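This is what each chain is made of:
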Amino acid sequence: TRLREHGHVAYFAGGCVRDRLLGVPRPHDDYDVATSARPEEVQRLFPRTVAVGAQFGVILVIEDGLRVEVATFRADDAYVDGRHPVAVRFTTPEEDAARRDFTINGLFYDVAEGRVIDFVGGLRDMRLRDVRTIGDPEIRMREDPIRILRAVRFACRLDFDIESRTYAAMEGAVEDLPRSAPPRLLE
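For the structure given in this document, a descriptive report is provided here. Note that the structure is a prediction, hence the values are computed from the model and not measured.

Definitions and limits used
Residues numbered from 1 in each chain as written. Predicted model: local features only at pLDDT ≥ 70, side-chain atom pairs only at ≥ 80, totals over all residues. Heavy atoms only, no water. Helix = DSSP H or I, 4+ residues; strand = E, 2+ residues; numbered from the N terminus. Contact = heavy atoms within 4.5 Å. Phe/Tyr/Trp six-rings, centres within 6.5 Å; stacked < 30°, edge-to-face > 60°. Buried < 20%, exposed > 50% of the residue type's maximum accessible area, 1.4 Å probe, protein only.

Description of the environment of Asn 105
Okay, step 1: Checked against the element boundaries, Asn 105 lands in the loop between helix 4 (93–99) and strand 8 (107–110).
Okay, step 2: When the C-alpha atoms of Asn 105 and Thr 133 are compared, they prove to be 9.3 Å apart, with 28 residues separating the residues in sequence.
Okay, step 3: Not counting chain neighbours up to four residues away, the residues in contact with Asn 105 comprise Gly 14, Gly 15, Arg 18, Arg 100, Arg 150 and Phe 154.

As structure tokens, this is what we get:
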């Protein structure tokens, strides 16, 4: 509400939208907001913030005992380390959705209008009960090999299938998994 009151677009994003639509219980403090506000604007609007990933447009907002990651809509440049893009540029909700990993994680929810915004086919894949990458599955898996484990986790947790092209890309990228930082394997 505060972001919108100051002229910014602000949507709930990703897993919190997916889980709400599926009726899956979620911790009360695990919500992400995507916004048109730049990191410095988010920090000005909220008194308690932590710049957890300001270079990627991510600010942790702490208010009323809640911790919410607020991220500026962004597009990612190339991934060279198997985890982080070299750079990001701030952009539109459509491009932000397109950079996400799986269609079921690319959904937004506009509280003010009470509607789901789906630029990537996430609603279709929820109906089909499929885990599917956004864009080319081979590129998505090579960008960040942890996505292999995330796909398996989502399939198991949600009782979904892994779409066939996504599964084939996972098999093709499995040799890249050891280059991921060991603590990330537990994410």
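Overview of the packing of aromatic side chains
Okay, step 1: All chains considered together, the criterion is met by 6 aromatic pairs.
Okay, step 2: Centre to centre, the rings of Phe 102 and Phe 154 are 6.0 Å apart; their planes meet at 80°, and the pair counts as edge-to-face. Placement of the pair is Phe 102 in the loop between helix 4 and strand 8 and Phe 154 in helix 7 (residues 146–158), with a sequence separation of 52 residues.
Okay, step 3: For Phe 102, a relative accessible area of 0% puts it in the buried group.
Okay, step 4: Note on Phe 154: relative accessible area 2%, which makes it buried.
Okay, step 5: On the numbers, 6.3 Å between centres and 70° between planes, the contact of Phe 108 with Phe 119 is edge-to-face. On the criterion of sequence distance, the pair formed by Phe 108 in strand 8 and Phe 119 in the loop between strand 9 (115–118) and helix 5 (122–128) is long-range, its members being 11 residues apart.
Okay, step 6: Judged by its relative accessible area of 0%, Phe 108 is buried.
Okay, step 7: Cluster of aromatic residues (ring-pair linked, three or more members): Tyr 11, Phe 73, Phe 108 and Phe 119.

Structural measurements only, silent on function.
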